[in-house]
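These are the residues of each chain, in order.
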Amino acid sequence: MLVRFATSRPEGAYTLALPIAAGAAPADRLPPSDSAARGIVRSAAEAARFEGETGATVDLFIPEGSGVRRLVLVGVGSGPDGHERAGAALVARLLTSGETRLVIDLTGIAVADPAEAAAKYASGAVLRSWRHDVYRTKLAPKARPSLTEIVIVGGGEGAEAAWSRLEAVAAGVAFTRELVAEPANIIYPESFVERCEALTALGVKIEALDEAAMREAGMGALLGVSQGSAREARLLVMRWDGSDGTKDPVAFVGKGVTFDTGGISIKPAAGMEDMKWDMGGAGAVAGAMKALAMRKSKAHVIGVCALVENMPGGNAQRPGDVVTSMSGQTIEVINTDAEGRLVLCDAITWVQRRYKPRTIIDLATLTGAMIIALGHEHGGLFSNSDELADQLLAAGKASGDALWRLPMGDAYDKLIESPIADMKNVGPRDAGSISAAQFILRFVEEGVNWAHLDIAGMVWAAKPGPLWDKGATGYGVRLLDRFAADNLEG
Ligand code: BES
Ligand code: MN
Ligand code: ZN
């Protein structure tokens, strides 16, 4: 999508979009002299019961010269995120409409910061236009995207600059969505690393440990998950230091199970294809690194992706196996389908030993129980630090990637005691998301502020949302970007 900013409406053919605040009269956006068009707009809005609600749209045609022009009224509501959602709603409406060019005219509506508002339209439009059509060789012409250009009028001087920041975030979201949407025969540990190698062009330093290096480091828990797969595991480490060595690093750690069959504790066939997106945590970390590097964030961040495929097979680990993690703690693997925590624990130990971060945030599609608890509206947040938890909750609200905090404590920790090893990898069904978090906490070293985001319900959408089509959402990128901007750049 080509995005441009302008001071006045261009010449020629295009669909004109007029943003309308909640309760405002849409006809007032047209010149008083143009009474015919004003009448049509008034009747169309009334007939459609349009009241400027966020993201609501009305399509109509008004006479112009000897022809007609397509006009879309779009509601911006009265809340703070109305512009972005309005930009997205316009694209949802027009992407495959046959229209190629959209002009959004902000002049004449009251906005506190026109440059920021203009950039938000661009952000909403670009985020909502993302699709993954690479494997569709027979898409009917009418189903193909037609919209290629968006011109935003009235953002003033600072619009380009405001957009360049949001554009970086949108590019990070798109990168995450691509990684998540790709099937598991295309994205597996090594190919995930290859796609991320493109980030070196932005100044991200990349390192990848192969299985030999991980064995050397003692990552028995991660390698136990990987041993049933023909694909080699990787630990991908991406480093962005925008502080020029003046700041301690913060670590983002992502669960990157490129396919989760469950292993020997195999999952049922129905819906198993969803487990291609069991690398959504790692995908979010990679997308966040891209966003931070593209906008030259002043933060110092280490992004670690624990990449494995969880398969059954003659060499797969068995229920009851005891593995030794890099931390030295032993784990009885009761259920090979509780593999996420096994790969995260070694990634967390590795990053603590190597980079001594004082803050670690892990993201993982860790438990089905999280979806039972929170559905698809919030990611689950678990933390040993009220301050970090509050920072993340605030970033969640501000970015739209919402979070909800859940409790932790010794009584939950007891649920994973094992009769043979230091712990087992599953507790009872009850509080399944919390006992998973307690498991990870056992690998967090003294003095480290840690948060775990269980994003199982957020990575993939069965139906379109305000800023995404059905499929990969890119959840987590906007959250981590906001968290970094508000807490790591001062
Ligand atoms: N990747 C799954 C969790 C998941 C399930 C994410 C559905 C998204 C949608 C995870 O590895 C898993 O299998 N968890 C088990 C844990 C159980 C064995 C304790 C689960 O949630 O059933
Ligand atoms: Mn699993
Ligand atoms: Zn999994």
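Higher on the page you've got the structure.
What comes next is a walk through the structure. All residue numbers refer to position in the chain's written sequence, counted from 1. Working convention: letters from A go to chains and numbers from 1 go to ligands, in the order in which they are written. Note on the predicted model: pLDDT of at least 70 is required for a residue's local features to be given, and 80 or more for side-chain atom pairs to be given and counted; whole-chain, interface and lining totals, by contrast, use all residues. Derived side-chain values reflect all non-hydrogen atoms in the structure, with water molecules and hydrogen atoms excluded from consideration.

**Comments concerning empty space enclosed by the protein**
Once rolled over the atoms, a probe with the size of a water molecule shows which space is left empty.
No. 1: Only protein atoms enter the 1 Å grid used here, on which a cavity is any set of points holding a 1.4 Å probe that cannot leave and a pocket is any open set flanked by protein within 12 Å on both sides along at least five of seven lines; residues with an atom within 4 Å of a point are listed as lining. Grid points are joined across faces, edges and corners, and a volume is the space filled by probe spheres set on the points. In total, this model carries one cavity of 30 Å³ or more according to the counting rule given.
No. 2: Quantified by volume, the largest cavity comes out at close to 40 Å³.
No. 3: Considering the residues around the largest cavity, the lining is formed by Gly224, Val225, Gly263, Ile264, Asn310, Met311, Ala316, Gln317 and Thr336.
No. 4: Tallied by class, the residues present in the lining of the largest cavity amount to four nonpolar, five polar and no charged. Amino acids outside the nonpolar list (Ala, Val, Leu, Ile, Met, Phe, Trp, Tyr, Cys, Pro) and the charged list (Asp, Glu, Lys, Arg) are all regarded as polar, and Gly is one of them.

**Some points on the pairing of strand E2 (residues 15-21)**
No. 1: Exposure categories follow from relative accessible area, calculated using a 1.4 Å probe and restricted to protein chains: below 20% of the type maximum is buried, above 50% is exposed, and the middle band is partly exposed. Only runs of H or I of at least four residues qualify as helices and only runs of E of at least two qualify as strands under DSSP, and these elements are numbered from the N terminus. The element E2 is extensively covered by neighbouring structure, given that six of its seven residues are classed as buried.
No. 2: Examined bridge by bridge, E2 and strand E5 (residues 101-105) share three bridges and lie parallel to one another. The residue of E5 that forms the bridge with leucine 16 is valine 103. Any two strands with at least two DSSP bridges between them are considered paired.

**Here we look at the coordination of the manganese ion (ligand 2)**
Reference values for coordination geometry: four tetrahedral donors around a metal ideally subtend 109.5 degrees, six octahedral donors ideally subtend 90 or 180 degrees.
No. 1: The manganese ion (ligand 2) binds to the protein through Asp260 (OD), Asp337 (O), Asp337 (OD) and Glu339 (OE), with metal-donor distances spanning 2.0 to 2.2 Å.
No. 2: Nitrogen, oxygen and sulfur within 2.8 Å of a metal are treated as its donors, or within 3.2 Å for sodium, potassium and calcium (Na, K, Ca); water is not counted, so a site can appear incomplete. Here a site with four donors is tetrahedral if all angles are between 85 and 135 degrees, and a site with four or six donors is square planar or octahedral if opposite donors are over 155 degrees apart and the other angles are between 65 and 115; anything else gets the irregular label. Viewed at the metal, the six donor atoms of the manganese ion (ligand 2) are separated by angles of 70 to 166 degrees, and the geometry they form is irregular.
No. 3: For the manganese ion (ligand 2), the single-chain donor residues occur in sequence as D-x76-D-x1-E.
No. 4: In this structure, the manganese ion (ligand 2) is positioned 3.2 Å from the zinc ion (ligand 3), and both are ligated by aspartate 260. Linking aspartate 260 in strand E9 (residues 250-260) with aspartate 337 in the loop between strand E12 (330-332) and helix H9 (340-355), this pair joins segments that are 77 residues apart in sequence.
No. 5: Assessed through its relative accessible area of 23%, aspartate 337 is described here as partly exposed.

**With respect to the sheet that holds strand E11 (residues 322-324)**
No. 1: One open sheet holds the three strands; their spatial order is E11-E12-E16, and the pairing between them is mixed. Among the strands making up the open sheet, the edge pair consists of E11 and strand E16 (423-424).
No. 2: Pairing of E11 with E12, which is carried by three bridges, proceeds in the antiparallel orientation. What sits directly across from valine 322, in E12, is glutamate 332.

**Description of the packing of helix H11 (residues 386-399) against helix H14 (residues 477-487)**
No. 1: Note on definitions: angles span 0 to 180 degrees between N-to-C directions of axes, and those axes are lines fitted to C-alpha atoms, for helices only across the stretch in contact. The N-to-C vectors of H11 and H14 enclose an angle of 120 degrees; their axes lie 8 Å apart at closest approach. If you check the angle between H11 and H14, you find them oblique. In this structure, the crossing between H11 and H14 has a hand that is right-handed. The residues of H14 that touch H11, namely those facing Leu388, Gln391, Leu392, Ala395, Gly396, Ala398 and Ser399, are Arg478, Leu479, Arg482, Phe483 and Asn487. Any angle from 65 to 115 degrees is called roughly perpendicular, while one under 35 is roughly parallel, one over 145 is roughly antiparallel, and all others are oblique. Should the near helix be turned anticlockwise from the far one by less than a right angle, the crossing is left-handed, and should it be turned clockwise, the crossing is right-handed. In what follows, residue pairs with any heavy atoms lying within 4.5 Å of each other are defined as contacts.

**Brief notes about the pattern of salt bridges**
Once their charged atoms are close, side chains differing in charge can pair, the charge on each being opposite to the other.
No. 1: Should a side-chain nitrogen of Lys or Arg be within 4 Å of a carboxyl oxygen of Asp or Glu, the pair is scored as a salt bridge. Summed over all chains, the structure comprises 27 salt bridges.
No. 2: Taking the shortest distance from any N to any O, the salt bridge between arginine 195 and glutamate 182 comes out at 3.0 Å. A residue pair is termed long-range when its members are at least 10 positions apart, and arginine 195 in helix H5 (residues 189-196) and glutamate 182 in the loop between helix H4 (159-181) and H5 qualify at 13 residues.
No. 3: Classification of glutamate 182 as buried rests on a relative accessible area of 5%.
No. 4: Salt-bridge contacts for arginine 405 lead to aspartate 386; the nearest nitrogen and oxygen are separated by 2.9 Å. Remark: aspartate 386 occurs in helix H11 and arginine 405 occurs in strand E15 (residues 403-405); sequence separation between them is 19 residues.
No. 5: Exposure remark for arginine 405: the relative accessible area of 29% places this residue in the partly exposed category.

So, to be careful, I would describe these as geometric facts and stop short of saying anything about function.
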